[in-house]
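# A closer look at the structure
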Amino acid sequence: MRILISNDDGYLAPGLIALAEVLEPIAEIVVVAPDSNRSACSNSLTLQRPLSVSRAANGFYFCNGTPSDCVHIALTGILTWKPDLIVSGINQGQNMGDDTLYSGTVAAATEGFLFGIPAIAFSQVDKDWKELDSAARIALETVERLYDSMPKPFLMNVNIPNRPYQDLKRSVATRLGRRHQSEGVVKMQDPFGHELFWIGPAGRAKDAGEGTDFHAVENGHVSITPLQIDLTHAALINDLAKGLE
């Protein structure tokens, strides 16, 4: 198997290193990741400037662009072969519910999926890197189970509670929950009197009932959500057509 690995926390992130190490025994891996943290940049591509790619001492490629840039450049400019799988993460912090629209971790996987390649995004629920070895073990098991069992291509979003391996409950199939609207921006001034704004924290869980990713991880399960790209609101097409008559 050949696997392309990326993330949004940057090429030095512990989660990326752990993911590469756990997958290396089962695959030929190539890592192409941002040169620094690019969290919450969603599926953006850099079109206003050229991008540079360098190689670290450990063999990882790093790029001064977004996670989507990294995967796009890898597939169209670096690799001479098509990967069997794209894997993104392991992210520092959850990507559940509405988070997936903003997540750079999910975006890297999505970019691969748009090229017709199976892709999986991995995130730990909490941001402290605790139990990272456990999360890496789950990532390896998930890759081995899903790649052989799922129709291809697929796009999966996996969230792993920060628990010791033996304390994790089984992986479950989930749907995305929903959040309340984000909290307000935090206003401040720079030393020159210019007004500045920090984006506020994400809203609390709104739809976190049984079957959602929020419910699964709250109860100690690994959450696996299949994602799709089609944003068409199919239920409104007929109403729209009638309104346009």
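Refer to the preceding data block for the structure.
Residues numbered from 1 in each chain as written. Predicted model: local features only at pLDDT ≥ 70, side-chain atom pairs only at ≥ 80, totals over all residues. Heavy atoms only, no water.

Ranked by internal contacts, the top residues of the largest apolar core, which has 38 residues, are Leu19, Leu23, Ile120 and Phe122. Elements represented by at least two residues in this core include exactly strand E1 (2-6), helix H1 (14-23), strand E2 (28-34), strand E5 (85-92), strand E6 (119-124), helix H4 (132-149), strand E7 (155-160) and strand E13 (221-226). Those residues in contact with Leu23, other than ones at most four positions away along the chain, are Ile3, Ile5, Ile29, Val87, Leu140 and Val143. Val30, Tyr61, Ala74 and Val106 belong to the second-largest nonpolar core, a separate cluster that totals 22 residues. (Core = buried A, V, L, I, M, F, W, Y, C linked by side-chain atoms within 4.5 Å. Buried < 20%, exposed > 50% of the residue type's maximum accessible area, 1.4 Å probe, protein only. Helix = DSSP H or I, 4+ residues; strand = E, 2+ residues; numbered from the N terminus. Contact = heavy atoms within 4.5 Å.)

Turning our eyes to something else, we now look at helix H2 (residues 67-78). Note that an α-helix has 3.6 residues per turn; residues three or four places apart therefore point the same way. Residues of H2 that are buried: Pro67, Ser68, Asp69, Cys70, Val71, Ile73, Ala74 and Leu75. Against the buried residues of H2 lie E1, E2, strand E3 (53-55), strand E4 (61-63), E5 and helix H3 (104-114).

Its place among the elements puts Arg175 in the loop between strand E8 (169-173) and strand E9 (178-179). We classify Arg175 as partly exposed; its relative accessible area is 41%. A C-alpha to C-alpha distance of 8.2 Å links Arg175 and Ile224, two positions 49 residues apart in sequence.

Another point: the sheet that holds E5. The strand order across the open sheet built from nine strands is E3-E4-E2-E1-E5-E6-E7-E13-E8, with neighbouring strands paired in mixed fashion. Strands with a single pairing partner mark the edges of an open sheet, and in this sheet they are E3 and E8. The sheet shows a mean angle of 20° between the axes of neighbouring strands, direction not considered. The sheet contact formed by E1 and E2 spans four bridges and is parallel. Bridged to Leu4 within E2 is Val30. Sheet strands in contact with H4 are E5, E6, E7 and E13, and its direction is about 160° off that of E6. (Pairing = 2+ DSSP bridges. Axes fitted to C-alpha atoms, helices over the stretch in contact; angles between N-to-C directions.)

Now for the packing of H2 against H3. Axis separation between H2 and H3 bottoms out at 8 Å; the angle between their running directions is 25°. In terms of axis orientation, H2 runs roughly parallel to H3. When you trace H2 past H3, the crossing you get is right-handed. Within the contact between the two elements, H2 uses Pro67, Ser68, Val71, His72 and Leu75 and H3 uses Gly104, Ala107, Ala108, Glu111 and Gly112. Along the lines of polarity and charge, the residues of the contact of H2 with H3 split into five nonpolar, four polar and one charged. (Parallel < 35°, antiparallel > 145°, perpendicular 65-115°, else oblique. Left-handed = near helix turned anticlockwise from the far one by under 90°. Nonpolar A, V, L, I, M, F, W, Y, C, P; charged D, E, K, R; others polar.)

Time to look at the packing of aromatic side chains. All chains considered together, the criterion is met by one aromatic pair. Between Tyr11 and Phe62, the aromatic rings sit 4.2 Å apart at their centres with planes inclined by 10°, giving stacked as the arrangement. Of this pair, Tyr11 sits in the loop between E1 and H1 while Phe62 is found in strand E4, placing the two residues 51 residues apart along the sequence. You'll find Tyr11 and Phe62 in the same group, each marked buried. Of note, Arg137 hangs over the ring of Tyr165, and the distance from its end group to the ring centre comes to 3.5 Å. For the cation-ring pair, Lys152 lies above Tyr147, with the distance from its terminal atom to the ring centre recorded as 4.5 Å. (Phe/Tyr/Trp six-rings, centres within 6.5 Å; stacked < 30°, edge-to-face > 60°. Lys NZ or Arg CZ within 6 Å of the ring centre and 35° of its normal.)

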